[in-house]
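Chain residues, written in single-letter form:
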Amino acid sequence: MMQSPLSVPAATRPPQELIAGTYVRNAWYVAAWSDDIGDGALVHRTIMDEPIVLYRKADGSVAAIGDRCPHRFAPLSMGKIVGGDRIQCPYHGLEFDGSGACVRNPHGTKNIPPRARVKSYPVTEKHKAVWIWMGAAPA
């Protein structure tokens, strides 16, 4: 069973798990203020040299996924929210859900290749801030 990153305090992890390159990866960072992510808004951030798009889903929760479509690397933050929970790429219209999976291909046979996905990041809202976990998912 996978543990939530919140349930494993960073202070109890070995130092080699915490640092990756020049950044402390396995820690929570403020990605935005809660008020910055309104309904229908796509908010671009670059955190630890990774382009990320944050958005509010129909249920009010926030999702964070990589801000580059795997097809032609168009910024997803230039697209739009469709169906309440998906981001539509501005280039060819591929749609990605909050887990980073491509869930709709509007072209041709409508086949979705298994590698058509972007990285997703755990997020939580506390104290009027949106926090993002940039590290590895706990085992």
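Use the structure listed above.
These figures come from a predicted structure and were not determined experimentally. (Residues numbered from 1 in each chain as written. Predicted model: local features only at pLDDT ≥ 70, side-chain atom pairs only at ≥ 80, totals over all residues. Heavy atoms only, no water.)

> So what exactly am I meant to see when it comes to the overall build of the protein here?
Of regular secondary structure, the protein possesses 1 helix and 13 strands. What you see in the protein, going N to C, is helices and strands ordered as α-β-β-β-β-β-β-β-β-β-β-β-β-β. Counting over 139 residues, the protein shows a buried share of 40%. The long-range fraction of contacts in the protein, counting pairs at least 24 apart against all pairs at least 6 apart in sequence, stands at 44%. Accessible area of the protein: about 8,000 Å², with a carbon and sulfur share of 56%. (Helix = DSSP H or I, 4+ residues; strand = E, 2+ residues; numbered from the N terminus. Buried < 20%, exposed > 50% of the residue type's maximum accessible area, 1.4 Å probe, protein only. Contact = heavy atoms within 4.5 Å. Areas by Shrake-Rupley, 256 points an atom, 1.4 Å probe, with all protein chains shown as cover.)

> What am I meant to see in unusual backbone geometry here?
Glycine aside, a negative phi is what most residues show, and trans is what most peptide bonds show. If you check the backbone angles, Phe 73 has positive phi at about 60° while not being a glycine. Its location among the elements puts Phe 73 in the loop between β6 (62–66) and β7 (80–82).

> How do you make sense of the sheet that holds strand β13 (residues 129–133) when you look at a structure like this?
Reading across the sheet, the 3 strands line up as β3-β13-β12 and stay open at both edges, with antiparallel pairing between neighbours. Two strands in the sheet have a free side with no partner beyond their single neighbour: β3 (28–33) and β12 (123–126). Within the sheet, the average angular offset between the axes of one strand and its neighbour, ignoring direction, is 35°. As paired strands, β12 and β13 are joined by 4 bridges and run antiparallel to one another. Considered in β13, the bridge of Lys 126 is made with Ala 129. (Pairing = 2+ DSSP bridges. Axes fitted to C-alpha atoms, helices over the stretch in contact; angles between N-to-C directions.)

> Could you clarify how one ought to interpret the pattern of salt bridges in this entry?
Oppositely charged side chains can form a pair if their charged atoms are brought close together. Within the structure shown, the criterion is met by 6 salt bridges. Residues Glu 50 and Arg 25 are paired through a salt bridge, measuring 2.7 Å at the closest nitrogen-oxygen approach. Here Arg 25 lies in the loop between β2 (23–24) and β3 and Glu 50 lies in strand β5 (residues 50–56), a separation of 25 residues in the sequence. In this structure, Glu 50 and Arg 25 share a single accessibility class: buried. In this structure, the salt-bridge partner of Arg 56 is Glu 125, at a minimum N-O distance of 2.9 Å. Of this pair, Arg 56 sits in strand β5 while Glu 125 is found in strand β12, placing the two residues 69 residues apart along the sequence. On the accessibility criterion, Glu 125 (34% relative accessible area) is partly exposed. Connected through shared salt-bridge partners, Arg 25, Glu 50 and Lys 119 make up one network. (Salt bridge = Lys/Arg side-chain N within 4 Å of Asp/Glu carboxyl O.)

> Before we go on, may I ask you to explain the sheet that holds β5 in this structure?
Strands belonging to one sheet form pairs held by backbone hydrogen bonds; the direction of such a pair is parallel or antiparallel. If you trace the 4 strands from one edge of the open sheet to the other, you get β4-β5-β6-β11, paired in antiparallel fashion. The open sheet terminates on both sides in strands that have one partner only, identified here as β4 (42–47) and β11 (120–121). Bridge count between β5 and β6: 5 bridges; the pairing is antiparallel. Within β6, the position partnered with Val 53 by the bridge is Ile 65.

> It is not clear to me how the nonpolar core should be interpreted in this structure. Could you clarify?
Soluble globular proteins tend to pack their nonpolar side chains together in the buried interior. Grouped together as the largest cluster of nonpolar side chains are 15 residues, with contacts concentrated most on Val 53, Ile 65, Cys 69, Leu 76, Ile 87 and Phe 96. Contributing elements (two or more residues each) for this core: β5 and β6. By size, the runner-up hydrophobic cluster in this structure holds 14 residues, among which are Ala 32, Leu 54, Tyr 121 and Ile 132. (Core = buried A, V, L, I, M, F, W, Y, C linked by side-chain atoms within 4.5 Å.)

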